[in-house]
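Here is what each chain is made of, one letter per residue.
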Amino acid sequence: MVAQDKTKKLTTTAVMTALVFVVTLLIYIPVPAVKGAYFNIGDVIIYCLSFILGGPYAVFAAAVGSALADLMLGSVIYIPATLVIKGCMALIVGVLTLKNISFGRYLLACVVAGLVMAFGYCTYEFFAIGGWAAAAATFIPNMIQAGCGVAIAAALYHPMRSLRNRFALRPKLS
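The sections below set out a description of the structure shown in this document. Here the structure is a predicted model, which means the values were calculated and not measured.

**Topic: the overall build of the protein**
Helices and strands together make up the secondary structure of the protein, namely 6 helices and 2 strands. Counting helices and strands in the order they occur from the N terminus, the protein gives α-β-β-α-α-α-α-α. The C-alpha radius of gyration of the protein comes to 16 Å, within 12% of the 16 Å expected for a compact globule of 174 residues. The C-alpha extent of the protein, read off along each of the three principal axes, is 50 × 30 × 25 Å.

Dropping the structure here:
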């Protein structure tokens, strides 16, 4: 039974990693002011997979799927930041929804993760890309991305809660 659970988690992690990658590529809008920066909706998948899967599996899927999208889109300079920031986003949602899966807690977790994304990239761009000019040029698009991601993830709450219970990859709570 334990081996079956691990296989189920690893398989789900692989599918979720691919899903983050594909959805990030599906809708991306370059931010012209900063080379390599782009707006995308991959965060929606990160919020959802972290709610369903949680733990190190969600962190891996979010970080690797997003970093592979950066590689594919030519945003190589962002890969180190993406690995850390997207992994942190998944960890935040996973931890905050571990024992409380209410809509309010899920929404709070997504908002906090979205803010971590926006401020994380702002900080990275300040230090690694081009100071205040780069950070300022991408902060508003990152906040819009965070808001859009949270809004879509919130709309998907009920199906995600059903999937979380159906897959039983995390402790089943009311």
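**Remarks on empty space enclosed by the protein**
In the structure shown here, the tally under the stated rule is 1 cavity of 30 Å³ or more. Here the largest cavity defines a volume of roughly 170 Å³. Secondary-structure elements contributing two or more residues to the lining of the largest cavity are β2 (38-40), α3 (55-72), α4 (79-96) and α5 (103-155). Ranked by residue count, the leading element in the lining of the largest cavity is α5, at 5 residues. Of the residues contributing to the lining of the largest cavity, the split by class is 4 nonpolar, 8 polar and 4 charged.

**Quick word on the pattern of salt bridges**
Following the criterion strictly, the structure yields 1 salt bridge and no others. Between Lys86 and Asp43 there is a salt bridge, with the nearest N and O atoms lying 2.4 Å from each other. Of this pair, Lys86 sits in helix α4 while Asp43 sits in helix α2 (residues 42-52), and the two are 43 residues apart along the sequence. The pair formed by Lys86 and Asp43 is uniform in burial state, with each residue classed as buried.

**Side note on the environment of Thr11**
Note that Thr11 resides in helix α1 (residues 2-26). Taking the relative accessible area as the measure of exposure, Thr11 reaches 46% and is therefore partly exposed. Side-chain polar atoms of Thr11 contact the backbone oxygen of Thr7, separated by 2.7 Å.

**Here we look at the packing of α1 against α2**
In a packed pair of helices, the relevant descriptors are the angle between the two axes and the axis-to-axis distance. It is the contact of α1 with α2, at a shortest axis distance of 8 Å, that shows an interaxial angle of 160 degrees. Here α1 is positioned roughly antiparallel relative to α2, judged by the angle of their axes. For the pair α1 and α2, the crossing hand works out as right-handed. Contact residues: Met16, Leu19, Val20, Val23 and Thr24 in α1; Gly42, Ile45, Ile46, Leu49 and Ile52 in α2. The residue makeup of the contact of α1 with α2, split by class, is 8 nonpolar, 2 polar and no charged.

Reading guide: rules and limits
- Residues numbered from 1 in each chain as written.
- Predicted model: local features only at pLDDT ≥ 70, side-chain atom pairs only at ≥ 80, totals over all residues.
- Heavy atoms only, no water.
- Helix = DSSP H or I, 4+ residues; strand = E, 2+ residues; numbered from the N terminus.
- Rg over C-alpha atoms; globule rule 2.2 N^0.38 Å.
- 1 Å grid on protein atoms, 1.4 Å probe; cavity = no way out; pocket = protein on both sides within 12 Å on 5 of 7 lines; lining within 4 Å.
- Points joined across faces, edges and corners; volume = space filled by probe spheres on them.
- Nonpolar A, V, L, I, M, F, W, Y, C, P; charged D, E, K, R; others polar.
- Salt bridge = Lys/Arg side-chain N within 4 Å of Asp/Glu carboxyl O.
- Buried < 20%, exposed > 50% of the residue type's maximum accessible area, 1.4 Å probe, protein only.
- Polar contact = N/O pair within 3.5 Å; in protein donor to acceptor, adjacent residues only side chain to side chain.
- Axes fitted to C-alpha atoms, helices over the stretch in contact; angles between N-to-C directions.
- Parallel < 35°, antiparallel > 145°, perpendicular 65-115°, else oblique.
- Left-handed = near helix turned anticlockwise from the far one by under 90°.
- Contact = heavy atoms within 4.5 Å.

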